[in-house]
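# Understanding the architecture of this molecule
The primary structure of each chain is shown beneath.
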Amino acid sequence: MAHSKTRATDGKITYPPGVKEISDKISKEEMVRRLKMVVKTFMDMDQDSEEEKELYLNLALHLASDFFLKHPDKDVRLLVACCLADIFRIYAPEAPYTSPDKLKDIFMFITRQLKGLEDTKSAQFNRYFYLLENIAWVKSYNICFELEDSNEIFTQLYRTLFQVINNGHNQKVHMHMVDLMSSIICEGDTVSQELLDTVLVNLVPAHKNLNKQAYDLAKALLKRTAQAIEPYITNFFNQVLMLGKTSVSDLSEHVFDLILELYNIDSHLLLSVLPQLEFKLKSNDNDERLQVVKLLAKMFGAKDSELAAQNKPLWQCYLGRFNDIHVPIRLECVKFASHCLMNHPDLAKDLTEYLKVRSHDPEEAIRHDVIVSIVTAAKKDLSLVNDHLLNFVRERTLDKRWRVRKEAMMGLAQIYKKYSLQGEAGKEATKQISWIKDKLLHIYYQNSIDDRLLVERIFAQYMVPHNLETTERMKCLYYLYATLDFNAVKALNEMWKCQNMLRHHVKDLLDLIKQPKSEASTKAVFAKVMVITRNLPDPGKAQDFVKKLAQVLEEDERIRNQLETLVSPSCSCKQAEGCVREITKKLGSPKQPSNPFLEMVKFLLERIAPVHIDTESISALIKQVNKSIDGTADDEDEGVPTEQAIRAGLELLKVLSFTHPASFHSAETFESLLGCLKMDDEKVAEAALQIFKNTGGKMEESFPHIKSVLLPVLQHKAKKGPPRQAKYAIHCIHGIFSNKDTQFAQIFEPLHKSLDPASPEQLITPLTTIGHLAMLAPEQFAAPLKSLVANFIVKDLLMNDRVPGKKTTKLWVPDDEVSPETLAKIQGIKLMVRWLLGVKNNLSKSGNSTLRMLTAILNSDGDLTEQGKMGKPDMSRLRLAAGCAVLKLAQEPCYHEIITLDQYQLCALVINDECYQVRQAFALKLHKGLCRLRLPLEYLAIFALCAKDPMKERRAHARQCLVKNINIRREYLKQHAAISEKLFSLLPEYVVPYTIHLLVHDPDYVKVQDIEQLKDIKECLWFVLEILMSKNENNSHAFIRKMVENIKQTKDVQGPDDPKLNEKLYTVCDVAMNIIISKSTTYSLESPKDPVLPVRYFTQPDKNFSNTKNYLPPEMKSFFTPGKPKAANVLGAVNKPLSTAGKQSQTKSSRMETISNASSNSNPGSPGRSKGRLDSTEMDHSENEDITIMKNSPLPGKKNDKRDDSDLLRDSDKPRGRKRAAASTQDGSLLEDSGQDQKPKRGRKRAANSAPAEAEEQPWAEEKRIQDGVLETEDEQNSPPKKGRRGRPPKAASSAAAKEETPAKGRRGRKKAVVPAEEEPEQQEEEEE
């Protein structure tokens, strides 16, 4: 040992046995050979070999000389590095090198050698691996902690390892690298920023994508050293985030990416950093907030993240950013929602409230993304979204912006198809979204053609997919139809009707194109092109495209033939698909990928192609109905009671028989329908009869065997069947059989002879049948019919009350409780009207006598004999029948001319009848006649009287009817610009003179200058003028003003010499003029044309007379407040939403608008009117207020899906300026008005509401009643009327004045409906507010 030491201190180098001196004098190969032996020696040594350690000390020092460290040969350097690594192992913990500079050189040298690890296929790789393993195991680099340059050494080592790691390395390499680096962090005193950057840079997305293995290495290192490195990471983020020292590191700009990565690696690394993010979320810098929001969205939304639960303050702070002022931030929050819903269903509750607000965001993109987020989550799993979230999507189907509406509709459609049609989540899920099908179809009521086209597309692709096999498709349609609500069924029927109409238009266009060219045919083609254009999106562009299509059809016979096949009634669904494919292929061009012309043609083909219904489909549908009838269908599995399924199936077939009659022409179909005729269910047999009526045109020649079986059934139904079946049986015979006269005679004679007024229950069907025979064949039975009407109907039936009616205070009872005698009388009235409508002339003056009879019924409150035998419900029924009969006759020009003004005015009073159901049914009949443009324009004025109706929903319905009728007329005039001669009967503004005249003759308007009565008049005028003046088209305000001015220059035809009557006329004109002046800024302009006044109502203007006097009492001035009329189509206030699941939320503006629109404040004189308005600055979401459903709906009392306002519109909100019912005294008796009995009785009593609370809870009950197709029977609306009357002065003191003003006219009609007295206090309170 002493010898060794001597040798060591002598500086002589001892080499292992067999190794000669290693110097620069030997060749490289020899040096490598010798070094390998040295390496082997050092490898075999261990720390306990003290003697050998001493022996080879100088060799160890020699190997660290610059000669070796800087040797040009890499093999030499590698072997030296391996030796040095073993030397550190053997001599540990004290290295033989004491100079700091030398140590630095050695470790930098070893680090450089580690780069050799990069090439895993190298022959020397194992030696490199040995080097790594050795230094990692020994933790050799820990020696450097004491060195000044330790940071540089460690940084270089880290950089090298991160550079060399690659996918060729196995787990051991990875592990040793982590061991090596983690020992430096865990055992060192500090981690410099430079070293930290070296690790963190690998987490930056750009680096991460370049070298995944380096990312994994950094991730493993951070996980291993989390506790030790956390303070340095916190310090780094503190410097950058809180102090803004971005210069501390090059990674400052990636700080948010790093936070996300570190959180994903180990959330403990950021324990102190996350609170800093809360501070950053409130930064004033928009971009900075946006970055933090993006970061937190990823952190909260990540699959296994528990951040929201662990850090609730941060989660709440983040949720606050949903309401950020900066649009991109709100957008980012909304996008995050879908990931959050999918990965963290437990957070849905927190998100719901914020998404609700954002679904009303002013920004279209945000509302759109709310839909996308909710729908994406719902499509993944329906349980992830609650009903509130789905409701937001539902609300957005009525958004102002098409993009948002489309997204919402398509989202709901996809959800419906997945969970309802394909049943992917079971019956519970199907039940949860059962409202979707109704909601989607309700959108068909929209005005926008885009919406309607999308509904059609959704129906064909998602609700009843057209690519299903026929039987499956029809089964799907069958059960869908059976479960739709009333309005959805109406919409679906309307959809088929519209498609059918367009199909006919295209067929007409093809026929016109085939005609020889002429000026007339060119004009006809252009007119048809215009009609088709209106059925396509963007009519402006579509017009050019349809013209181009017409040109293509002229030139290309093949396309023309394909289109002819497509629109022919016999086209099958398969043929239709082939035709559409051929036409689009022919018109398409590969060179022009986006072809707007082709897109338009596709829209057109999509609408007209019969993709659902053909002969095979109808046959399959009938089989499905038969299965239900036989009890072999799986109705219960589909959640539909069998009876409901059968009825719906027949109803569906009935609708399709209108739109696709040719598809029913098969023996199998007709035989099945014959079976339905023999069923006991009246509705089923009735529907079967209607189907025969619609489809049996060619039955006689094509299916004689069916005809011979059908005829006796029809004859039996006509004679003995229920009234409705008898009616359809007669129409079937008329439509199917060529020898109908014989058949009619065989039915008429026995029925005519068997009529017996003593058995009224036996009269109803015969009178129905004879009535329809009289309408269809008036010539054939002219003589017997005249005698029948005069002797039997009038004298025996109507003029006699054989059975005393039940004594009841009710004004209405259900149909099945009406006495047979009353039902017979109603049928008698209908028979007279049908006979007159069949005759279509008044040569025999039968029209005059019938009208006198009808007005006598109205004048006598329905009790024609005035013996007091009839019950009140029976009288109500007869008043309704008489009023509707007058409306029916008024639709025929020859009878309209003979209806006197008194008769017209008396008929108008039915709309204010004391019985709610009479008012309701009469309004529906009136609306129907006006919508078809069959009733003359003066009948539109009758709706003005609805302003006095005590029931809010009646006023609302009337307003809706007015809007729709005015829109229909305006649209008709736009489309038929040439018909100027009909302008007087069509232009909506011409309703004003009729309204004024009708109000002048209102029995309630007794005292000319009475303020209360004038307020009533003003209310009625505003009811009409508000809608007319909502648009100032062609300077219509000036036109209305001119019309009112002109009326003041005339006199009332009904009393040209009656000064009081004419004073009333001028006073009402002044009320109208004040409304116009207060609500219009353009009224004073020049009128576009001189108005024509109806000569039946007003005398010719006196040119020498200028009536400039103001007839209004000065106090009236305060009731005309200035302000613009609201847009007429905003009907959210008066429409009940469609009854679908879930109540929709309301915005503040919707509430305000609702109140102002439906309450008394909607008239110009209401002082509180301005309260119902919102300043635009308050409108948080003006951009997205829901658009209203106000289409030419099939249902006049149609409901709106805009929002549920039923909790706002209480019955207590009555129009102001109307008299209250007399206040109750303490003992409950009513104060009598001594002058009341002398007043002319109005055509109606006001129904007192004995159950105001109940009525308030269900203010929209009427819509439900319309839905069920039956008139309401609730007692509360028809309890005994109170004595208070509209228009009567409130105090008994005024009775003397009333007596003086009472005209000497006879009694007219009935008392009117009253405002429920019980509601008095609440109303007064509201007015005070």
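Rules used in this analysis
- Residues numbered from 1 in each chain as written.
- Predicted model: local features only at pLDDT ≥ 70, side-chain atom pairs only at ≥ 80, totals over all residues.
- Heavy atoms only, no water.
- Helix = DSSP H or I, 4+ residues; strand = E, 2+ residues; numbered from the N terminus.
- Buried < 20%, exposed > 50% of the residue type's maximum accessible area, 1.4 Å probe, protein only.
- Areas by Shrake-Rupley, 256 points an atom, 1.4 Å probe, with all protein chains shown as cover.
- Polar contact = N/O pair within 3.5 Å; in protein donor to acceptor, adjacent residues only side chain to side chain.
- Contact = heavy atoms within 4.5 Å.
- Axes fitted to C-alpha atoms, helices over the stretch in contact; angles between N-to-C directions.
- Parallel < 35°, antiparallel > 145°, perpendicular 65-115°, else oblique.
- Core = buried A, V, L, I, M, F, W, Y, C linked by side-chain atoms within 4.5 Å.
- Expected span 1.5 Å × (residues − 1).
- Phe/Tyr/Trp six-rings, centres within 6.5 Å; stacked < 30°, edge-to-face > 60°.
- Left-handed = near helix turned anticlockwise from the far one by under 90°.
- Nonpolar A, V, L, I, M, F, W, Y, C, P; charged D, E, K, R; others polar.
- Patch = residues over 30% accessible without salt bridge, like charges linked within 9 Å, V, L, I, M, F, W, Y side chains within 5 Å.
- Salt bridge = Lys/Arg side-chain N within 4 Å of Asp/Glu carboxyl O.
- Lys, Arg positive; Asp, Glu negative; His and termini not counted.
- Charge placed at Lys NZ, Arg CZ, Asp CG, Glu CD.
- pLDDT = per-residue confidence, 0-100.

Counting its regular elements, the protein chain contains 61 helices and 0 strands. The proportion of buried residues among the 1329 residues of the protein chain is 58%. As displayed, the protein chain offers around 55100 Å² of accessible surface, 51% of which is attributable to carbon and sulfur atoms.

Checked against the element boundaries, threonine 155 lands in helix α9 (residues 150-164). At 2.6 Å, the side chain of threonine 155 forms a polar contact with the backbone oxygen of asparagine 151. Residues in contact with threonine 155, not counting those within four places in the same chain, are Glu194, Leu195 and Thr198.

The next thing to look at is the packing of helix α31 (residues 539-555) against helix α32 (residues 557-567). Contact pair α31 / α32: the axes reach a minimum separation of 5 Å and the direction vectors enclose 105°. By the angle between their axes, α31 is roughly perpendicular relative to α32. On the side of α31, the interface is formed by Val552, Leu553, Glu554 and Glu555, while α32 contributes Glu557, Ile559, Arg560 and Leu563.

Taken across its 8 residues, helix α11 (residues 193-200) has 6 buried, putting it largely inside the fold. Within α11 the residues assigned to the buried category are Leu195, Leu196, Asp197, Thr198, Val199 and Leu200. Packing partners of the buried residues in α11 comprise α9, α13 (212-224), α14 (226-242) and α15 (255-265).

This next bit is on the nonpolar core. Side chains that are nonpolar tend, in soluble globular proteins, to be buried together. Tyr141, Phe237, Ile259, Tyr318, Phe943 and Ile996 are the most contacted members of the largest nonpolar core, which has 351 residues in total. For this core, the element with the highest residue contribution is helix α6 (residues 74-91), accounting for 13 residues. The residues contacting phenylalanine 237, other than those within four sequence positions of it, are Met242, Val255, Leu258, Ile259, Leu262, Leu270, Val273 and Gln276. Counting 35 residues, the second-largest nonpolar core is a separate cluster that includes Val506, Leu549, Ala576 and Leu604.

Glancing now at the environment of alanine 1038. Tracing the backbone shows alanine 1038 in helix α55 (residues 1036-1047). Taking the C-alpha atoms as reference points, alanine 1038 and serine 1084, separated by 46 residues in sequence, lie 6.0 Å from one another.

Moving on, we get to α9. Look at α9: 21 Å from first C-alpha to last across 15 residues, which is about the 21 Å you get at 1.5 Å a residue. Against the buried residues of α9 lie α7 (100-113), α8 (125-138), α10 (171-187), α11 and α13.

Using the criterion set out here, one finds 17 aromatic pairs in the structure. Pairing phenylalanine 459 with tryptophan 496 gives two aromatic rings, centres 6.1 Å apart and planes at 85°, and the pair type is edge-to-face. Highlighted residues: phenylalanine 459 in helix α27 (residues 449-463) and tryptophan 496 in helix α29 (residues 486-514), separated in sequence by 37 residues. Residue phenylalanine 459 is classed as buried on the basis of its relative accessible area of 1%. Note on tryptophan 496: relative accessible area 3%, which makes it buried. Judged by centre distance (5.1 Å) and plane angle (75°), the ring pair of tyrosine 994 and tyrosine 1097 falls under edge-to-face. Of this pair, tyrosine 994 sits in helix α53 (residues 991-1000) while tyrosine 1097 sits in the loop between α56 (1059-1079) and α57 (1148-1158), placing them 103 residues apart in sequence. The two residues tyrosine 994 and tyrosine 1097 agree in class, both being buried.

All right, on to the packing of helix α54 (residues 1011-1028) against α56 then. For the pair α54 and α56, interaxial distance at closest approach is 10 Å and the crossing angle is 55°. Relative to α56, α54 is oriented oblique. Note that α54 runs across α56; the crossing there is right-handed. Only Thr1067, Val1068, Val1071, Ala1072, Ile1075, Ile1076 and Lys1079 of α56 make contact with α54, whose side of the interface consists of Leu1014, Ile1017, Lys1018, Leu1021, Trp1022 and Leu1025. A per-class count over the contact of α54 with α56 returns 10 nonpolar, 1 polar and 2 charged.

There is a patch of like negative charges on the surface, built from Glu469, Glu472, Glu616, Glu636, Asp637 and Glu638. Here glutamate 469 is to be found in the loop between α27 and α28 (470-483).

With that settled, consider the environment of valine 552. Within the fold, valine 552 resides in helix α31. Among the residues examined, valine 552 registers a relative accessible area of 17% and is labelled buried. Residues valine 552 and leucine 587, spaced 35 residues apart in sequence, show a C-alpha to C-alpha distance of 9.1 Å.

What follows covers the pattern of salt bridges. Per the stated rule, a full pass over the model turns up 34 salt bridges. The partner of arginine 321 in a salt bridge is aspartate 324, and the shortest N-O contact between them spans 2.5 Å. Residue arginine 321 is classed as buried on the basis of its relative accessible area of 19%. According to the relative accessible area criterion, aspartate 324 is buried, its value standing at 2%. In this structure, the salt-bridge partner of aspartate 913 is arginine 879, at a minimum N-O distance of 2.6 Å. Taken together, the positions of aspartate 913 in the loop between α49 (901-908) and α50 (916-931) and arginine 879 in helix α47 (residues 872-890) put the pair 34 residues apart, joining distant regions of the chain.

The topology assignment puts glycine 868 in the loop between α46 (846-859) and α47. Considered as a pair, glycine 868 and aspartate 801 are 67 residues apart in the sequence and their alpha carbons are 9.3 Å apart. Discounting residues that sit within four places of it in the chain, glycine 868 has contacts with Lys807 and Asp863.

Structurally, histidine 772 can be placed in helix α43 (residues 764-776). Residues within four places of histidine 772 in sequence aside, it is in contact with Lys727, Ile730, His731 and Arg834.

This part covers a nonpolar patch on the surface. Where nonpolar side chains cluster on the molecular surface, the patch consists of Met242, Leu243 and Phe279 and spans about 290 Å² of accessible area. Secondary-structure assignment places phenylalanine 279 in helix α16 (residues 274-280).

Another point: unusual backbone geometry. The residue aspartate 538 is not glycine, and still its phi comes out positive at about 50°. Among the structural elements, aspartate 538 can be located in the loop between α30 (519-533) and α31. When its relative accessible area of 39% is taken as the criterion, aspartate 538 is described as partly exposed. Phi is positive for glutamate 866, close to 55°, though the residue is something other than glycine.

This part is about a positive patch on the surface. A cluster of basic side chains, namely Lys830, Lys840, Lys888, Lys925, Lys928, Arg932 and Arg934, defines a positive patch on the protein surface. Residue position: lysine 830 is located in helix α45 (residues 820-839). Judged by its relative accessible area of 36%, lysine 830 falls in the partly exposed class.

This paragraph deals with the confidence of the model for the protein chain. Averaged over all residues, the pLDDT of the protein chain is 77; the fraction at 70 or higher stands at 81%. Contacts for the low-pLDDT stretch residues 1127-1310, under 50 throughout, to residues beyond four places or in other chains number 522 contacts. Overall, residues 1314-1329 carries pLDDT values under 50, and its contacts beyond four positions in sequence, including any with other chains, amount to 42 contacts.

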